[in-house]
Amino acid sequence: MSSDLVHLTCQSVGSAYQDLSPTVTRMFQTPESHEQEDRPSVLWCLYFNMVDGLGVECENGDLGHEHAIKQAESIFQKILPEEDFCPPAPNPEDIIYDGEKGFSSSLGEEEEEEREREEVIKEEEDFEEQIFQTEE
């Protein structure tokens, strides 16, 4: 017994089921088939519609990705409204390779140093609080 995968596509007139079901029942043995000939049986079937983006044109008449990028930005802003969408990459001259940590940016180092300072201050405050509690 062999198993084959068949993928059918067509220009949509109705739903995917309405468009393709008649062809599937003619080509394969399905519960909807009237004649149970020696046709291959359908083990699993999925119908779905897809939007055809090939006919989309930009304002200047050229095909482009600007519309898709704007859609992606809109979705991104709904998910993370406080974040920048595709922030510019750092200047290649600002990227520093540190053999132990990998690549970093000089801007990232400043942020990391600030974070480390804040951690040290918090540790000192926690230590002072522990000392104060033990003295009581």
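For the structure itself, consult the block above.
As the structure is a computational prediction, the values presented were derived from the model and not from experiment.

**Considering the overall build of the protein chain**
And step 1. Along the protein chain, the regular secondary structure elements total three helices and two strands.
And step 2. Taken from N to C terminus, the helices and strands of the protein chain fall in the order α-α-β-β-α.
And step 3. Within the span of the protein chain, comprising 136 residues, buried residues form 9% of the whole.
And step 4. A separation of at least 24 residues holds for 16% of the contacts in the protein chain among residues at least 6 apart in sequence.
And step 5. Entry remark: accessible area of the protein chain is about 12700 Å², with carbon and sulfur atoms responsible for 54%.

**Some words on the packing of aromatic side chains**
And step 1. A complete count under the given rule lists two aromatic pairs for this structure.
And step 2. With 5.0 Å between their ring centres and 85° between their planes, Tyr17 and Tyr47 make a pair best called edge-to-face. Of this pair, Tyr17 sits in helix α1 (residues 16-27) while Tyr47 sits in the loop between α1 and α2 (66-79), and the two are 30 residues apart along the sequence.
And step 3. Its relative accessible area of 26% is what places Tyr47 among the partly exposed residues.

**Here's the deal with a negative patch on the surface**
And step 1. A cluster of acidic residues, Glu110, Glu111, Glu113, Glu116, Glu118, Glu119, Glu123, Glu124, Glu125, Glu128 and Glu129, forms a negative patch at the surface.
And step 2. Tracing the sequence through the fold places Glu113 in helix α3 (residues 106-135).

**Some points on the layout of surface pockets**
And step 1. As a volume, the largest pocket reaches approximately 1000 Å³.
And step 2. Around the largest pocket sit 31 residues that line it, and Val6, His7, Leu8, Leu20 and Leu46 are the ones nearest its centre.
And step 3. Residue composition of the lining of the largest pocket, grouped by class: 19 nonpolar, nine polar and three charged.

**Focus on a nonpolar patch on the surface**
And step 1. Together, Leu43, Trp44, Leu46, Phe48 and Met50 give the surface a local cluster of nonpolar side chains, amounting to about 700 Å² of exposed area.
And step 2. Topologically, Met50 is positioned in the loop between α1 and α2.

**A short note on the side chain of Ser21**
And step 1. Structurally, Ser21 can be placed in helix α1.
And step 2. For Ser21, the contacting residues outside a window of four places in its chain are Ala16 and Tyr47.

Calculation rules
Per-chain numbering applies: the sequence of each chain, read as written, is numbered from 1 onward. Local features in this predicted model are restricted to residues whose pLDDT is 70 or higher, and side-chain atom pairs enter the listing and the counts only when it is 80 or higher, whereas totals over whole chains, interfaces and linings include all residues. With hydrogens and water stripped out, all remaining heavy atoms of the structure feed into the side-chain values. Secondary structure elements are taken from DSSP: a helix is a run of H or I of four residues or more, a strand is a run of E of two residues or more, and numbering for both begins at the N terminus. Relative accessibility thresholds used throughout: buried, under 20% of the residue-type maximum; exposed, over 50%; partly exposed, between the two (1.4 Å probe, protein chains only). When checking whether two residues touch, look at their non-hydrogen atoms; a contact exists if any pair is within 4.5 Å. Each accessible area value is a Shrake-Rupley result obtained with a 1.4 Å probe; residue values ignore everything except the protein chains displayed when judging cover. Centre distance within 6.5 Å is the pairing criterion for rings of Phe, Tyr and Trp, where only the six-membered ring of Trp is used; planes under 30 degrees apart are then read as stacked, over 60 as edge-to-face, and the remainder as tilted. Residues forming no salt bridge and having over 30% relative accessible area are the ones grouped into patches, like charges within 9 Å of each other and nonpolar side chains (Val, Leu, Ile, Met, Phe, Trp, Tyr) within 5 Å. Any carboxyl oxygen of Asp or Glu that lies within 4 Å of a side-chain nitrogen of Lys or Arg is treated as forming a salt bridge with it. In this tally, Asp and Glu contribute negative charge and Lys and Arg positive charge; neither His nor the terminal groups of the chain are included. Note that the charge is assigned to NZ on lysines, CZ on arginines, CG on aspartates and CD on glutamates. The pocket and cavity definitions rest on a 1 Å grid over protein atoms only: a 1.4 Å probe that fits but cannot leave marks a cavity, an open set with protein on both sides within 12 Å along at least five of seven lines marks a pocket, and residues lining either have an atom within 4 Å of a point. Grid points are joined across faces, edges and corners, and a volume is the space filled by probe spheres set on the points. Each residue is assigned to one class: nonpolar for Ala, Val, Leu, Ile, Met, Phe, Trp, Tyr, Cys and Pro, charged for Asp, Glu, Lys and Arg, and polar for all the others, Gly among them.

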